[in-house]
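Observations on the three-dimensional arrangement
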Amino acid sequence: MNDEVHMKQIAEKVEAGVRLSREDGEALYRTSDILAVGRLANLVRERLHGDTTFFNVNRHINPTDVCVASCRLCAFGKKARDPKSYTMTLEQVWETAGQGYSEAVSEFHIVGGLHPELTLDWYCQMLRGLKERFPQVHLKAFTMVEISYLAQRGKISIREVLQRLKDAGMDSMPGGGAEVFSERVRRIICDHKIDGNEWLNVARAAHQIGLKSNCTMLYGHIESEADRVDHLVRLRELQDETGGFVTFIPLAFHPANTPLHHIPKTTGFDDIRNIAVARLMLDNIPHIKAYWVMMSPAIAQIALRMGADDIDGTVVEEKIYHDAGATTSQSLRRGDLFRLITEAGRVPFERDTLYRPVERNEATFTVLV
Ligand code: V47
């Protein structure tokens, strides 16, 4: 079948709400007819959310950049002996959380390196301290990779690590660390990291104890189109089983300051295509996020018409992408997000981490606009 006929068949399936196959996914990645792919993704996006476009007011906290893994994709992690590495004390974590804090912040996004000495108890204390100081803020914390490392170091089960963190205040989990599940690719870009099955097992265990999570895919390095589709299908299969994924975020690889610096940066075309194909393949994941820090506010805005319904948040002090050469701002104001969304003809909806509406009173609104 030629690609043109195949695209017609895919359009018929999408219009009828029929699940797309691996072959369909690969055809969507192959075609250069981005408008056709974007139109179909927009159809699904509007079917699910109409014009509503979600954003939140959040702050990133990275308690340490010390990491025992040496992933070639990463510019953030450092060895403990590196004088440029840092590890916050508990007081510093709580203080960082409070910097620029106003009643408006609804989420702390907390991830860090695999530190060889910080214990599960330390992380539990960190969460408890945050909850005491900021009881209304949702704690979206720890990648599946960090959880697996804590289990391995403490010689306890994944489930127990998750339960103890949940009891200490972890409300949900971000989607990082998934990269691309292909073993061939992982051997090159992140061979010290848990494999794809383990990432999925930790996500399954989290969902089973009632924690929602996000999921991601890192693209634009050495993966093939088939690897991308395989990654999406494996996420879709786990979602059929647990229903625990809330949002998918495609992450563009930023090569600067990594051992893979020779790889060219992704193009706007590929960034948009990843949003659109994800919207079409992940028919059971409610939200697709155009993470502006990663794809620039300009591309993220266009993505809102090509399958994305979420633009992430104000962010404040992003480190992982900026260490890898991102030139975007380290934060946007609430008013900037509003403008990006309304200019794209969409309706802004301020959400909390689990997509419930955030009500603002006048006082907090004026602090932020
Ligand atoms: O886990 C690391 C990736 C992730 C690089 O869940 C890199 O709401 C590109 O997961 N170039 C962190 N990517 C970011 C992340 C995230 C961001 C926003 C929202 C959410 C969410 C999650 O970034 C890492 C890794 O997969 N990463 N190094 C790099 N050089």
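Up top you'll find the structure we're talking about.
Described below are features of the structure shown in this document.

Rules used in this analysis
- Residues numbered from 1 in each chain as written.
- Predicted model: local features only at pLDDT ≥ 70, side-chain atom pairs only at ≥ 80, totals over all residues.
- Heavy atoms only, no water.
- Buried < 20%, exposed > 50% of the residue type's maximum accessible area, 1.4 Å probe, protein only.
- Helix = DSSP H or I, 4+ residues; strand = E, 2+ residues; numbered from the N terminus.
- Arc of directions from axis to C-beta.
- Contact = heavy atoms within 4.5 Å.
- Pairing = 2+ DSSP bridges.
- Axes fitted to C-alpha atoms, helices over the stretch in contact; angles between N-to-C directions.
- Right-handed = clockwise from strand over helix to strand, strands pointing away.

Within helix H7 (residues 158–168), burial applies to Ile158, Val161, Leu162, Leu165 and Ala168. Along H7, the residues classed as buried sweep out an arc of 130° about the axis, all on the same side. Where H7 is buried, its residues contact helix H5 (120–133), helix H6 (144–154), strand E5 (172–173) and helix H9 (196–208).

Right, let's get into the sheet that holds strand E1 (residues 52–56). Here we have 3 strands laid out as an open sheet, ordered E9-E1-E10, and parallel in their pairing. Single-partner strands in this sheet number two, and they are strand E9 (310–313) and strand E10 (347–350). Across this sheet, the average inter-strand angle for adjacent strands is 25°, counted without regard to direction. As judged from the 4 bridges shared by E1 and E10, these two strands associate in the parallel manner. By the bridge assignment, Phe54 is partnered in E10 with Phe349. Along the sheet face, helix H14 (residues 334–343) touches E1, E9 and E10 and points at about 165° away from the line of E1.

To continue, consider the pairing of strand E6 (residues 212–219). For E6, the tally of buried residues reaches 7 of 8 residues, placing the bulk of the element in the interior. Pairing geometry for E5 and E6, over 2 bridges, is parallel. The residue of E6 that forms the bridge with Ser172 is Lys212. One ladder, built from 6 bridges, connects E6 with strand E7 (residues 245–252); its direction is parallel. In the strand pairing of E7, Ser213 is matched with Phe245. For the segment spanning E6, helix H10 (residues 225–242) and E7, crossover handedness is right-handed.

Everything listed here is a matter of coordinates, which is why it stays silent on function.
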